[in-house]
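Examining the three-dimensional arrangement
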Amino acid sequence: MARLERNQLPPQAYQTYAIAQPADTLVRAACEQVGCAAWLSGWETVLDEGTEMGRRQAAYVRTKAGRTFRELRNTAGLTVFRFEAHQRCFAEHQTRPQIFAVRDGDYRGNPTGRHRTHTRPADWVEDFGENQLRLADQHQKG
């Protein structure tokens, strides 16, 4: 079988897979998305309820935070809230969004105009893997 050199096939014989990250764009992200240590392992918040701020923060944790925790007192008399892992922490995380694109064609262009964007990275990886298997099968068949 003769080896095909670059550009022997027309652009419509190709598919291009790309991951892009728009510059200067931040979006709100969940703890799990950014690998937040508090989300992974849990965390402690220590509050001094002898102050007005400490009392307000403790009241918020107890009544409005919506997180699972255990409440303790340390030897200094401060309130310790121990939060379980795998729940949202109190930080506002941000990340740069990624675009998982697939389009017909190659570097010469997209003659069909077909393209799609996967919303989940795992779907893009699966699509890419299936395309690789399809190419290997075609190559084996000749």
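A few points on the structure. Values in this document were obtained by computation on a predicted structure and should not be read as measured data.

**A closer look at the nonpolar core**
In terms of nonpolar packing, the biggest core is built from 11 residues, these being Cys31, Cys36, Ala38, Trp39, Trp43, Leu47, Ala58, Val61, Phe81, Phe83 and Cys89. Elements with a minimum of two residues in this core: α2 (37-41), β3 (43-47), α3 (52-63) and β5 (79-83). Residues in contact with Cys36, not counting those within four places in the same chain, are Cys31, Cys89 and His93.

**With respect to the pattern of salt bridges**
Taken as a whole and judged by the stated rule, the model has 12 salt bridges. Put simply, Glu92 and Arg88 hold a salt bridge, and the shortest N to O gap is 3.4 Å. The class for Glu92 is exposed, based on a relative accessible area of 52%. Here Arg120 ties to Asp123 by a salt bridge, and the two come within 2.9 Å at their closest N and O atoms. The partly exposed category is assigned to Arg120, whose relative accessible area is 47%. Since its relative accessible area comes to 23%, Asp123 is described here as partly exposed. A network of salt bridges, in which partner residues are shared, links Glu49, Arg62, Glu71 and Arg73.

**Overview of the side chain of Asp106**
Locating Asp106 in the fold gives a position in the loop between β7 (99-104) and β8 (115-118). With residues up to four places along the chain from it excluded, the contact list for Asp106 reads Pro11, Tyr14 and Thr16.

**Considering the sheet that holds β7**
An order of β1-β7-β8 is seen for the 3 strands of this open sheet, with the pairing classed as antiparallel. The open sheet has two edge strands with one neighbour each: β1 (15-20) and β8. If you compare each strand with its neighbour and ignore which way they point, the axes differ by 20° on average. In this structure, β1 lies alongside β7, joined through 6 bridges in antiparallel fashion. Looking across to β7, one finds that Ile19 is bridged to Phe100. Relative to β1, helix α4 (residues 121-141) is tilted by about 155°, and along the sheet it contacts β1, β7 and β8.

About the cut-offs
Residues numbered from 1 in each chain as written. Predicted model: local features only at pLDDT ≥ 70, side-chain atom pairs only at ≥ 80, totals over all residues. Heavy atoms only, no water. Core = buried A, V, L, I, M, F, W, Y, C linked by side-chain atoms within 4.5 Å. Buried < 20%, exposed > 50% of the residue type's maximum accessible area, 1.4 Å probe, protein only. Helix = DSSP H or I, 4+ residues; strand = E, 2+ residues; numbered from the N terminus. Contact = heavy atoms within 4.5 Å. Salt bridge = Lys/Arg side-chain N within 4 Å of Asp/Glu carboxyl O. Pairing = 2+ DSSP bridges. Axes fitted to C-alpha atoms, helices over the stretch in contact; angles between N-to-C directions.

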